[in-house]
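These are the residues of each chain, in order.
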Number of protein chains: 2
Amino acid sequence: MKKSALQIARAAYKPKMPKALYGSVKVENGAATQSVADQEEVKKLFPHTYGMPILKFVESSEQVSLPAINVGVILSGGQAPGGHNVIAGLFDGIKNLNVSSRLFGFLMGPGGLVDHDYKELTADIIDEYRNTGGFDIIGSGRTKLESTEQFDKGLEILKELDIKALVIIGGDDSNTNACVLAEYYKEINAGVQVIGCPKTIDGDLKNEMIEASFGFDTACKVYAEVIGNIQRDCNSARKYWHFIKLMGRSASHIALECALQVQPNICIISEEVEAKELSLDDVVSEIADVVVKRAENGNNFGTVLIPEGLIEFIPAMKGLIAELNDFLAHHQREFNAVPKDDQLVYVQKNLSAGNAKIFASLPSGVARQLTLDRDPHGNVQVSLIETEKLLAEMVGSKLEEMKTAGKYKGKFATQEHFFGYEGRCAIPSNYDSDYCYSLGYTAAALIAAGKTGYMSSVRNTTAPADEWIAGGVPVTMMMNMERRHGKMKPVIQKALVELDGAPFKYFAANRADWAIGTEFIYPGPIQFFGPTEVCDQPTVTLKLEQGR
Amino acid sequence: MKKSALQIARAAYKPKMPKALYGSVKVENGAATQSVADQEEVKKLFPHTYGMPILKFVESSEQVSLPAINVGVILSGGQAPGGHNVIAGLFDGIKNLNVSSRLFGFLMGPGGLVDHDYKELTADIIDEYRNTGGFDIIGSGRTKLESTEQFDKGLEILKELDIKALVIIGGDDSNTNACVLAEYYKEINAGVQVIGCPKTIDGDLKNEMIEASFGFDTACKVYAEVIGNIQRDCNSARKYWHFIKLMGRSASHIALECALQVQPNICIISEEVEAKELSLDDVVSEIADVVVKRAENGNNFGTVLIPEGLIEFIPAMKGLIAELNDFLAHHQREFNAVPKDDQLVYVQKNLSAGNAKIFASLPSGVARQLTLDRDPHGNVQVSLIETEKLLAEMVGSKLEEMKTAGKYKGKFATQEHFFGYEGRCAIPSNYDSDYCYSLGYTAAALIAAGKTGYMSSVRNTTAPADEWIAGGVPVTMMMNMERRHGKMKPVIQKALVELDGAPFKYFAANRADWAIGTEFIYPGPIQFFGPTEVCDQPTVTLKLEQGR
């Protein structure tokens, strides 16, 4: 593997950790916990892992000598910057407890456990991946660990390798499944602890005890870098409106954080659209209004940030999609028999009046996509909709109408962008390097303390690293019951953007100024070697949440 | 203007310069020059500015005291990182010669000169923009200075402001026009010197004396950063082929430089496609072959870099587009009368056999774009063609055929990206910060030396900055005669990728390994504060060209 100059220089970085973790630690038990909702149901499903206390690691003068232990690790789901550092922290943590401890990585996600596909992660391998982006050290995958068959199959290889603890690095679903696995192994007395680590780029695995999911910081900074560059271009050329879609299907944390970092003219927040029950036309009108106002000042340019999941948060669009799914599922044969050029009209005729009107208002490319591009279950593939182009086109049409009506005189030309893959495997920022390494090291401490069904937790991360608090939080504490594929299931509650939270409120208080003024900020690329105010800042979201 | 932490820290950076420029300088005259071709014609067009010697500035012990001078500056054409530093260097340069000298910026490009739209650039303003990206200090524009009416109109405001020298920062066309202006002002004895500065992100303004156009270094590094991130993702998830289009319509320097930095599986070089007279199907087949070979090793993923201008370099596509332009220009009414759904068939029927076949092979979206999206002159808008999607779709179709024929068994899923605006206004790298500042400072020295029709030249830039060589090169030296809009005109010869040059040869010697192996490099973000091997490297292209 030929390395870039930065990669070589960066390999030498020593991640910072909570002070307590540097020496021997002891566990401080907090109060017993409850799930966030549906306590009775969750308790019944997790008799062995429900109600456990929150844990905190504090310094201890006592030297503990622990037997060597074999540990397994799995990367689950989409890539996020810092995954390699979680593994490096875990490796150093278990080696620190006993140099003969060994770490095994299961390959290409949870499937590696079930298929017995693994490799031992030795010091040489770990050193190649310290402070790097990507999940390529062992790969990742989206297989869901849900059935006892999978659990039993996994146990075979765990027994064979004498693995006593398994660390699963993943998002809300993966951590939910990690807890189900922990409960099962406890119940059958398998002798395998299961510990989770909170990863999502989208930032939607977040609560009182898990203040950030790793990767969110780095990804947002990469997106903010390129958006900032686009904004500077926008403000120099003064002739384009840039419509920029950002990752985040189920929550708008990324769009909001980027907005806080770059101060765009417009940022749509899906959660607000849903709460206000806005229609697609409302969203389009809001954008068009800003375009008109800026044009009155001679500013025929600007930036619009759009969260990837927007369409699914618009109640009317959700209704349309539901009816489309339902109608097409029952009329696929008839639909296919209609000549291609008449299909849109055919669909429109068969929809209820309200939905037919919305359907007719969509650009034909989008309408076609909604009826033709369907997943194997026959469902509309909302993620394929190019929302940034859809909005740009619809705003353009609205402005044409306004021009005809004499209400608008500007020029409107657009450029569209979508940023996702650009950030998921970036070299982790100092924050994510430190945070991830600490999460992995804390996971090792949870293993040493004999815990299972816990998620590694590192808090107070807006303070300098030595004031960070390491501990564990029972996964069941974050759960509630939700309907999934028609069945009630225990799941970790997703953290959406809270409209009464400090980050959104700051945004809402400033957005009118950002819309009309041109108050762009240009964050520039992530820096690793410079002054601390440049290199060591957490997200604006987290700072606002913690009142810093 | 609220500034990011990096912007504040970066403001303090002192750009490095050639050693000679720090003190008093004297001019060393080199040999008299000739234009690169068509010497007689060019000489006839530029009687006052043809044949001048190459200049070099060397240290001098003599203290010169110069009268105060008013200088004008113009940013012309597309944004490129470092433009603000050219202006800062120019400002510091003329102030160093006489503190009472003044700098005026013409607004929104060459149009500002003609329309008398300007502002004085004082120390306060300059300080706000040191080491920043963008052209927003005075804006830029694409008005071409070509007519004597424009020159005379410009002279009015130059006289009014007592401006004795004008610096035009632009690409090949803008510098050509700067030279025409220099010649004209000399001829009419206007008393205004004109100096050019070489800017193009595309890197196609380059020759023996101008070893790099500013902005190319930074932009390529930004693109290489995000491509590297995508490659790490690609190598972690192992399930997508990423088709990545990059800026560069008339030359593939950016794609080549990015390939040298990231080692993708495939990089198309337009100049090679043209030289080998490849068809679109040839290009598609080459990509498909690599996909098939990688699939045989279980690697159903990879990256393909595509230069923006590819389509126009494919001789057969060029032929098709020419016939389409010609046919539609003469049959617009007939075309419009055909029902929309029959238009493609109508066009196909009326094309010559060879072109009809190519037209029929295109995905219908592209065929539609070629016939419908036309510029105000009725010409096909090649720049709107989403070449990255076109190639991904056509490779997919080819693989389907191969699958049916039993020659391919892999999976092929794609993601497409286009990077352009992400890099044009990035914070300039150390290289571009230094290079641009030196170019501006050198322009001041050229003014002090009484020169006109020269381009600011800074060479030997793969060596440490104090060994750089500052001087001037007569613009006429780079010219030849080319047909533009049906007329022969003197223009600066565009530098395309040379297939016998060291950068391409290095790429060609390694690409087979990069294709089959996964030898991705991950450059990471531009660093400003770290070790010199990370922060102070010129492009790989330049290093290879200079044998470093």
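Residues numbered from 1 in each chain as written. Chains lettered and ligands numbered in written order. Predicted model: local features only at pLDDT ≥ 70, side-chain atom pairs only at ≥ 80, totals over all residues. Heavy atoms only, no water.

Turning our eyes to something else, we now look at the overall build of chain A. Looking only at helices and strands, one finds 23 helices and 15 strands in chain A. By the compact-globule yardstick of 24 Å for 548 residues, chain A fits well, its C-alpha radius of gyration being 25 Å. On the principal axes, the C-alpha backbone points of chain A span a range of 80 × 60 × 45 Å. The long-range share in chain A, meaning contacts at least 24 apart out of those at least 6 apart in sequence, stands at 78%. Only carbon and sulfur atoms are counted for the fraction: they give 49% of the accessible area of chain A, which is about 20900 Å². For chain A, the distance from the average position of its 56 positive side-chain charges to the average position of its 69 negative side-chain charges is 2 Å. (Helix = DSSP H or I, 4+ residues; strand = E, 2+ residues; numbered from the N terminus. Rg over C-alpha atoms; globule rule 2.2 N^0.38 Å. Contact = heavy atoms within 4.5 Å. Areas by Shrake-Rupley, 256 points an atom, 1.4 Å probe, with all protein chains shown as cover. Lys, Arg positive; Asp, Glu negative; His and termini not counted. Charge placed at Lys NZ, Arg CZ, Asp CG, Glu CD.)

Residue and element names in this part refer to chain A. Interaxial distance between helix α13 (residues 315–330) and helix α15 (residues 343–350) falls to 11 Å at its minimum, and their mutual angle equals 105°. Judged by the angle between their axes, α13 and α15 are roughly perpendicular. Along its contact with α13, which presents Glu-323, Leu-324, Phe-327 and Leu-328, the element α15 presents Tyr-346, Val-347 and Asn-350. (Axes fitted to C-alpha atoms, helices over the stretch in contact; angles between N-to-C directions. Parallel < 35°, antiparallel > 145°, perpendicular 65-115°, else oblique.)

For chain A, the mean per-residue pLDDT works out to 95, and 100% of the residues sit at or above 70. Overall fold confidence for the complex sits at a pTM of 0.96, while the interface term, ipTM, reaches 0.96. (pLDDT = per-residue confidence, 0-100.)

Here we take up the relation of the copies chain B and chain A. If you rotate chain B by 180° and push it 0.0 Å along the axis, it lands on chain A with an RMSD of 0.1 Å. Such a combination of turn and shift is consistent with a two-fold rotation axis. With an isologous cut-off of 70% or more, the 100% of interface residues of chain B that recur at the interface of chain A puts this contact in the isologous class. (Least-squares fit on C-alpha atoms with pLDDT ≥ 70 in both.)

Once that is clear, we can look at the domain arrangement of chain A. Residues and elements named next belong to chain A. When cut into domains, chain A gives domain 1 (17–59 + 67–215 + 428–492) and domain 2 (217–419 + 500–533). Centre-to-centre separation of domain 1 and domain 2, based on C-alpha positions: 35 Å. Of the residues lining the interface, 12 residues belong to domain 1; the matching set on domain 2 comes to 12 residues. Overall, the association of domain 1 and domain 2 removes approximately 990 Å² of surface from exposure, summing both partners, and the carbon and sulfur fraction of that is 53%. On the domain 1 side of the contact with domain 2, Ile-201, Asp-202 and Ser-429 bury the most area, a combined 46% of that side's loss. At the boundary of domain 1 and domain 2, one finds 0 salt bridges. Across the contact surface, domain 1 and domain 2 share 7 residue pairs in polar contact (both at pLDDT 80 or more). Across the side of domain 1 that touches domain 2, the residue classes break down as 4 nonpolar, 4 polar and 4 charged. (Domains from an automatic or database assignment. Buried area = accessible area lost by both parts, 1.4 Å probe. Salt bridge = Lys/Arg side-chain N within 4 Å of Asp/Glu carboxyl O. Polar contact = N/O pair within 3.5 Å; in protein donor to acceptor, adjacent residues only side chain to side chain. Nonpolar A, V, L, I, M, F, W, Y, C, P; charged D, E, K, R; others polar.)

Another point: the side chain of Ser429(B). Residue and element names in this part refer to chain B. Mapped onto the fold, Ser-429 is located in the loop between α19 (421–424) and α20 (430–448). Judged by relative accessible area, Ser-429 falls into the buried class, the value being 2%. One polar contact links Ser-429 to Asp-217, side chain to side chain, over a distance of 2.6 Å. From its side chain, Ser-429 meets the backbone nitrogen of Asp-432 in a polar contact 3.0 Å long. (Buried < 20%, exposed > 50% of the residue type's maximum accessible area, 1.4 Å probe, protein only.)

Before going further, it helps to spend a moment on helix α6 (residues 148–160) of chain A. Think of an α-helix as 3.6 residues a turn; residues three or four steps apart then line up on the same face. All names here are of chain A. Between its first and last C-alpha atoms α6 spans 18 Å; for 13 residues at 1.5 Å apiece the expected length is 18 Å, and the two agree. Those residues of α6 that sit buried are Gln-150, Phe-151, Gly-154, Leu-155, Ile-157 and Leu-158. Projection of α6 onto a plane perpendicular to its axis shows the buried side chains occupying an angular sector of 170°, all on one side. Facing away from the buried side of α6 by over 90 degrees, the exposed positions are Glu-149, Lys-159 and Glu-160. Where α6 is buried, its residues contact β4 (102–106), α4 (111–114), β5 (118–120), β6 (163–170) and α7 (172–187). Positive phi appears at Asp-162, one or two residues downstream of α6, with a value of about 60°. (Expected span 1.5 Å × (residues − 1). Arc of directions from axis to C-beta.)

So, on to unusual backbone geometry. Residue and element names in this part refer to chain B. Of note, Asp-38 is a non-glycine position whose phi angle comes to about 50°, a positive value. Among the secondary structure elements, Asp-38 is positioned in the loop between β1 (24–32) and α2 (39–45). Its relative accessible area of 26% is what places Asp-38 among the partly exposed residues. Look at Asn-460: it is not a glycine, yet its phi comes out positive at around 65°. Counting through the fold element by element, Asn-460 comes out in the loop between β12 (454–459) and β13 (469–474). Given the relative accessible area of 23%, Asn-460 is considered partly exposed.

So, about the sheet that holds strand β8 (residues 241–246) of chain B. Within a sheet, adjacent strands bond to each other through the backbone by hydrogen bonds, running parallel or antiparallel. Residues and elements named next belong to chain B. The parallel open sheet is built from 4 strands, whose spatial order is β9-β10-β8-β11. The open sheet has two edge strands, β9 (266–267) and β11 (414–419), and neither has a second partner. Across 6 bridges, β8 lies against β11 in parallel orientation. By the bridge assignment for β11, Trp-241 is matched with Thr-414. (Pairing = 2+ DSSP bridges.)

Attention shifts here to the sheet that holds strand β11 (residues 414–419) of chain A. All names here are of chain A. Overall, parallel pairing links the 4 strands, which are arranged β9-β10-β8-β11 in an open sheet. Two strands close off the open sheet at either side, each with one partner strand: β9 (266–267) and β11. Contacting β8 (241–246), β9 and β10 (302–307), helix α9 (residues 253–262) crosses the sheet at an angle of about 155° to β10.

Attention shifts here to the interface of chain B and chain A. Every contact between the two is made by 61 residues of chain B and, on the other side, 61 residues of chain A. Summing both partners gives a buried area of about 4600 Å² for chain B against chain A, and 54% of it is carried by carbon and sulfur. The shortest N-O distance in the salt bridge between Asp136(B) and Arg232(A) comes to 2.9 Å. Summed over the shared surface of chain B and chain A, the result is 28 residue pairs in polar contact (both at pLDDT 80 or more). When residues of the side of chain B that touches chain A are traced back to their parent elements, those giving at least two are α1 (5–10), α8 (216–237), β11, α19 and α22 (532–535) of chain B. Of the residues forming the side of chain B that touches chain A, the biggest block, 10 residues, is contributed by α8(B). Here the residues of the side of chain B that touches chain A are counted per class, giving 27 nonpolar, 19 polar and 15 charged.

Glancing now at the environment of Arg333(B). Within the secondary structure, Arg333(B) sits in helix α14 (residues 332–337). In sequence terms Arg333(B) and Met394(B) are 61 residues apart; their C-alpha atoms lie 32 Å from each other.

Residue and element names in this part refer to chain B. Considering all chains together, one arrives at 28 aromatic pairs over all chains under this definition. Considering the side-chain rings of Tyr-435 and Trp-468, the 6.5 Å spacing of their centres and the 75° angle between planes classify their relative orientation as edge-to-face. Placement of Tyr-435 in helix α20 and of Trp-468 in the loop between β12 and β13 is noted, with a sequence separation of 33 residues between them. For Trp-468, a relative accessible area of 7% gives the class buried. Note that Lys-245 overlies the ring of Phe-418, its terminal NZ or CZ placed 4.5 Å from the centroid. (Phe/Tyr/Trp six-rings, centres within 6.5 Å; stacked < 30°, edge-to-face > 60°. Lys NZ or Arg CZ within 6 Å of the ring centre and 35° of its normal.)

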